[in-house]
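# Per-entry structural report
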Amino acid sequence: MNRFFLNFLFLLITLSPLTAQEKKAMEVSDFANWNRISQQLISNDGNWVAYVAQPGEGNPTLHLYNGLNGNATEMARASAPSFSADNRFLMYTLKPDSESLKTMRRNGKKKKDLPKDTLVVLKLADLSSIKVPAATDVKVPEKWGDWVFFKLENEIQKDSTAKAKKRTDLIAHQLSTGDQAILSAAEDYVLAMEAPFATAVSKGFEEEQKAGVFYLDTNTKQWSTIHEQKGEYEQLSIDRVGGQVAFLADFDTTESRIDYFDLYQWNKGAAAPKKIADRADAFLPEGWIISKNGQLEFSKNGQRLEFGIAPKPVLEDTTLLEEEKVSVEVWSYQDQELYTEQEVRANREKRRTYTCVWLKGANKIVQLGSEEVPNVNLSVEGNGKYALGLNPNPYRMKSSWIGGSFTDFYLMEVATGNKTKVHEAMFGSGDISPEGKYLYWYNAADTAWYAHAIEQNKTVQLTDNSKVAFYDELNDRPMAPTSYRTAGWTKGDQHLLIYDRYDIWLVDPTNPATKKNLTNGRSQKRVSRYINLDSEQEFIDLNEPLLIRFTDEESRASGYYWLDQQIGKKTVVQEGDYSYSSRPVKAKNSDHWIFTKESYEVFPDIQYSRNGLTNPKKISAVNPQQKDFLWGKVEIVSWTAPDGQKLEGMLVKPENFDPNKKYPMMVHFYERSSQGMHRYRNPSPGTSINYPYYLSRGYIIFNPDIPYRVGYPGESGYNSVVSGTLSLIDKGFVDKENIGIQGHSWGGYQIAHIITKTDLFKCAAPGAPVVNMFSAYGGIRWASGMSRIFQYEQTQSRIGGTIWEKPLRYLENSPLFFLDKINTPVLVLHNDGDGAVPWYQGIEFFVGMRRLGKPAWLVNYNGEAHGVRQLQNRKDWTLRMSQFFDYHLQGAAMPRWMAEGVPAVEKGLDQGLELMDKH
């Protein structure tokens, strides 16, 4: 054999392992440089793409891609991109350097003196730009013109002896000419969607600018008057084509503690606005007012105006001294909502309004919303003859132990306000069809879809589950299963497209028996879901091919295909062992697209296609450093549980995996996760273990799926997790002496239960675990104010009854009562601001372990909620948790916080993170 070839072959053999060895393990500090992509958009003509790369720490970078020539441009410290409707300009925000801001703050500089954002207008033809420092409230018209609008704060000083006055001016800047129209002392402003028209409020500035409402004439490039008068203006609104304006105004100069607003409407070209309604109008119930909190909104054709009314607010008695005021809570068993829920919702309830509609042609106001029917959905984009009224209020108490909500359905005639109750105590979801011909709903109680033909006053059952199930087939909770939802209605409300587990069904509400399966994916276990490409289109056009995203339930591969249902043809345009973005974006005026595809190994960079999702080009590469780190590969593993169930889960191995080597293993899970096997996991600090970080440091990771048996959540978790772990030990590459387990919330509970039953795991880090189902049952989810009862009776905890009906199940599933059986060192994360799982659950766990003399640590980040949110705390927890696992599973040195704790007097001063000598 040729000596040169032998030498070359030897070189290849010796270099291959070295290449792998040169890759490095990840440190927490490496997270700072890992980017995520956000704010991606494509110009209307499809020739330009913009997106922002945001690192874990530091400044964002705006990327601009030219689809015509492939050139790419980067703008440091830039974000919030927006293309002009004519594809000629890109507007974005230039932010101050983040490190410079920190330095200034450390040096005591006040917030008002810190550098402000800068608006940049970039001309795409030659990439020239203009900059507008300190611009705020930037808006770009969605469909018209070459304008950008923004506000600037001006300091006006008329002479050296007078104190300078500040005002905020609204600038309308024409991009093509540079011309500007300035409205002084501006407040609120809005832009028409489809026509070159803008309107704004000015509070007035001395003699220079009158107070009132104004509009921009884009021809003269001047702000012209709609109404001039000093007062309070709210809820400025404009129709889609800029033909009319509406606003609320209060010109009362007295010191009234209640705002009495009048409603005004102005037609373009009119000399003055018309008062539509005021506080004395007969349509208002006694003691009610026109509310500034109710959004004004024109219907699509501009013939109706929706606004809100409300009862007068309850006013505080201002004659009382502070020491005379009583602050007391009265909780009543008859309240529909717990007092804690009322507190959480108090601000929202104070702002609650009830829908009224002004019918322009008849010059008539109709009240639709009321305390009896608080929620109203209009049809035909506000123009429909009918509306759907919803009232969940009579059933709010039940939600404390059901978890969902019952609702009464009302059919409402918009022209008269007359209403008819169509369905009582419906448990599920529903709406009114786009053309207003049907009310439709899914009733979870009997797992069926229904449609109520309005004109015929006839209700028809659309599905019966006789051939396939239209309810969640995998529901393992003691509650009525949810639906798979709908794709939408076809034109004229002729058909409703309903999902089952796999397919899309075309259902004619006049003849449901003729329903047609459009996708036929059940036999291949292929899930198909419709992608709506135009958010403004109210119906699905069956005369055009439909874009479908599909997922193979077994391989987890996904992709897109076009469905021509007229001929029953599917044309696959993308497919692979990836997770494709659920909503690809099409340019408005061309067949150009952007989308992403990702896997565990492949970051979801942007794919750009100039031909209908085919032949895409990857135009971003925001994390090139990944090649320098040890990464990994994911696979699906299966095994048989002790009860005979066939189970699955994800196994993630390092890229330099050696089947003859024994690896320490991390077990991490939360119910079912394997459908996300192709999800890319960004290296970042967080509440749970970061997969790339642990893999690069020599671990393998196992994530089992858990199906549940009602009444036995703890046992279900034990059966799946332990049997799956043992099946991997049998494969020979798991170091059975060094297996750790970690999970948060429901995963944290499962871990706490599992380690009372087995010593298989050398150490455990459960986060926010419920350990005492009796005390947790009566606890409050402070973020929502809701009782936790529903969780145990109906939803995730899956007990299926009250503590009085099934006390033994609550006992058997509560790890607290079996802590004496635990031999596993435990690191508990539970924060005192947790709004989902009461903090006392973590305390009960830790105090019990301490009383029993068992190794346990509790970490509490003050003020943090359910999980760790603040960056500095996420970094601290990620490092602290990895030190815990490395010590127990890899023989690393013990950190001082584990050996000695962190005394309260040293909190915030000394974190105890340094490693101690191994001896």
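Below or above, wherever it landed, is the structure these notes cover. All values derive from a computational prediction rather than experimental measurement.

### Things to note about the overall build of the protein chain
When you go through the protein chain residue by residue, the secondary structure sums to 13 helices and 55 strands. Relative to a compact globule of 919 residues, whose C-alpha radius of gyration would be 29 Å, the protein chain shows 31 Å and is just as compact. Taking the principal axes of the C-alpha coordinates as reference, the protein chain spans close to 90 × 75 × 75 Å. Looking at the protein chain as a whole, 51% of its 919 residues qualify as buried. In the protein chain, the proportion of contacts linking residues at least 24 apart, taken out of those at least 6 apart, comes to 54%. With the model as given, the accessible surface of the protein chain reaches about 42900 Å², and the carbon-plus-sulfur share is 48%. Within the protein chain, the 113 negative side-chain charges are centred at a point lying 4 Å from the centre of the 107 positive side-chain charges.

### Some remarks on the environment of Pro-838
By the element assignment, Pro-838 lies in the loop between strand S54 (826-829) and helix H11 (839-851). Judged by relative accessible area, which is 1%, Pro-838 ranks as buried. C-alpha separation for the pair Pro-838 and Asp-408, spaced 430 residues apart in sequence, amounts to 33 Å. Residue contacts for Pro-838: discarding those within four places in its chain leaves Ile-780, Arg-788 and His-830.

### Side note on the packing of aromatic side chains
Scanning all chains against the criterion turns up 50 aromatic pairs. Between the aromatic rings of Tyr-560 and Tyr-580, the centroid separation amounts to 5.4 Å while the plane-to-plane angle is 70 degrees, which identifies the pairing as edge-to-face. Of this pair, Tyr-560 sits in strand S39 (residues 558-564) while Tyr-580 sits in strand S41 (residues 579-580), placing them 20 residues apart in sequence. Through successive ring pairs, a cluster of aromatic residues spans Phe-31, Tyr-693, Tyr-694, Tyr-699, Trp-857, Phe-884 and Phe-885. For Arg-709, the ring lying beneath its charged end belongs to Tyr-712, and the centroid distance is 4.2 Å. A cation sits over an aromatic face here: Arg-880 above Trp-897, 5.3 Å from the ring centre.

### Considerations on the pattern of salt bridges
As enumerated under the stated definition, the model contains 52 salt bridges in all. We note a salt bridge from Glu-381 to Lys-300, for which the minimum N-O separation is 3.2 Å. Note that Glu-381 is positioned in the loop between strand S26 (375-378) and strand S27 (386-391) and Lys-300 in the loop between strand S22 (297-298) and strand S23 (304-311), a separation of 81 residues in sequence. Exposure remark for Glu-381: the relative accessible area of 29% places this residue in the partly exposed category. Look at Lys-300 and you get partly exposed, because its relative accessible area is 40%. The salt bridge involving Arg-501 is made with Glu-473; its shortest N-O contact spans 3.2 Å.

### Things to note about the sheet that holds S39
Taking strand neighbours across the sheet as the criterion, the four strands line up as S37-S38-S39-S40 in an open arrangement whose pairing is antiparallel. The open sheet has two free edges, formed respectively by strand S37 (526-530) and strand S40 (569-576), since each of these has just one partner strand. Put simply, the sheet's adjacent strands are angled 25 degrees from each other on average, direction ignored. The pairing of strand S38 (residues 546-552) with S39 spans six bridges and is classified as antiparallel. Directly across from Leu-546, in S39, lies its bridge partner Leu-563.

### Considerations on the sheet that holds strand S19 (residues 262-267)
Read across the open sheet, the four strands follow the order S17-S18-S19-S20; overall the sheet is antiparallel. Sheet topology places strand S17 (232-238) and strand S20 (274-277) at the edges, where each strand pairs with a single neighbour. This sheet shows a mean twist of 30 degrees between the axes of neighbouring strands, independent of strand direction. The pairing of S17 with strand S18 (residues 244-250) spans five bridges and is classified as antiparallel. Residue Glu-232 lies in a different strand from S18, and its bridge partner there is Asp-250.

### Quick look at unusual backbone geometry
In this model, Thr-447 sits at a positive phi of 50 degrees, which is unusual for a non-glycine residue. Turning to its location among the elements, Thr-447 is positioned in the loop between strand S30 (438-443) and strand S31 (448-453). One non-glycine residue with positive phi stands out, namely Arg-485, at about 70 degrees. One can find Arg-485 in the loop between strand S32 (458-461) and strand S33 (486-489).

### Quick notes on the side chain of His-63
With respect to the helices, strands and loops of the structure, His-63 is situated in strand S3 (residues 61-66). Of the residues examined, His-63 reaches a relative accessible area of 13% and is grouped as buried. Once residues lying within four places of it in the same chain are set aside, the contact partners of His-63 are Val-49, Ala-50, Tyr-51, Ala-53, Thr-73, Glu-74 and Val-622.

### So, a nonpolar patch on the surface
There is a patch of nonpolar side chains on the surface, built from Val-326, Val-328 and Val-330 and spanning about 330 Å² of accessible area. As for its position among the elements, Val-326 is in the loop between S23 and helix H3 (339-350).

### Things to note about the packing of helix H6 (residues 713-729) against helix H7 (residues 746-754)
Direction vectors running N to C along H6 and H7 enclose 80 degrees, while the axes themselves pass 9 Å from each other. Classed by the angle they form, the pair H6 and H7 counts as roughly perpendicular. Contact with H6, carried on its side by Pro-713, Gly-714, Glu-715, Gly-717, Tyr-718, Val-721 and Val-722, involves Trp-746, Tyr-749, Gln-750, His-753 and Ile-754 of H7 and no other residues of that element.

### Remarks on the nonpolar core
With 49 residues, the main nonpolar core has Val-667, Ile-741, Phe-761 and Phe-845 as its most contacted residues. No other element matches the five residues that H7 contributes to this core. Membership of the second largest hydrophobic core comes to 48 residues, among which are Met-26, Val-28, Tyr-51 and Val-868.

### Structural notes on H7
Taking burial as the measure, the nine residues of H7 include nine buried ones, the bulk of the element. Within H7 the residues assigned to the buried category are Trp-746, Gly-747, Gly-748, Tyr-749, Gln-750, Ile-751, Ala-752, His-753 and Ile-754.

### Some thoughts on the side chain of Glu-337
With respect to the secondary-structure elements, Glu-337 resides in the loop between S23 and H3. The class for Glu-337 is buried, based on a relative accessible area of 14%. Here the side chain of Glu-337 touches Arg-345 through a polar contact of 3.0 Å, side chain to side chain. With residues near it in sequence (within four places) discarded, Glu-337 still touches Gln-342, Arg-345 and Arg-396.

### Comments concerning the pairing of strand S48 (residues 663-668)
For S48, the tally of buried residues reaches six of six residues, placing the bulk of the element in the interior. Alternating residues of S48 divide into Tyr-663, Met-665 and Val-667 and Pro-664, Met-666 and His-668, and every residue in both groups is buried. Relative to strand S50 (residues 734-744), S48 runs parallel, the two sharing five bridges. The partner of Met-665 across the bridge, within S50, is Ile-739.

Thresholds, definitions, all that
- Residues numbered from 1 in each chain as written.
- Predicted model: local features only at pLDDT ≥ 70, side-chain atom pairs only at ≥ 80, totals over all residues.
- Heavy atoms only, no water.
- Helix = DSSP H or I, 4+ residues; strand = E, 2+ residues; numbered from the N terminus.
- Rg over C-alpha atoms; globule rule 2.2 N^0.38 Å.
- Buried < 20%, exposed > 50% of the residue type's maximum accessible area, 1.4 Å probe, protein only.
- Contact = heavy atoms within 4.5 Å.
- Areas by Shrake-Rupley, 256 points an atom, 1.4 Å probe, with all protein chains shown as cover.
- Lys, Arg positive; Asp, Glu negative; His and termini not counted.
- Charge placed at Lys NZ, Arg CZ, Asp CG, Glu CD.
- Phe/Tyr/Trp six-rings, centres within 6.5 Å; stacked < 30°, edge-to-face > 60°.
- Lys NZ or Arg CZ within 6 Å of the ring centre and 35° of its normal.
- Salt bridge = Lys/Arg side-chain N within 4 Å of Asp/Glu carboxyl O.
- Pairing = 2+ DSSP bridges.
- Axes fitted to C-alpha atoms, helices over the stretch in contact; angles between N-to-C directions.
- Patch = residues over 30% accessible without salt bridge, like charges linked within 9 Å, V, L, I, M, F, W, Y side chains within 5 Å.
- Parallel < 35°, antiparallel > 145°, perpendicular 65-115°, else oblique.
- Core = buried A, V, L, I, M, F, W, Y, C linked by side-chain atoms within 4.5 Å.
- Polar contact = N/O pair within 3.5 Å; in protein donor to acceptor, adjacent residues only side chain to side chain.

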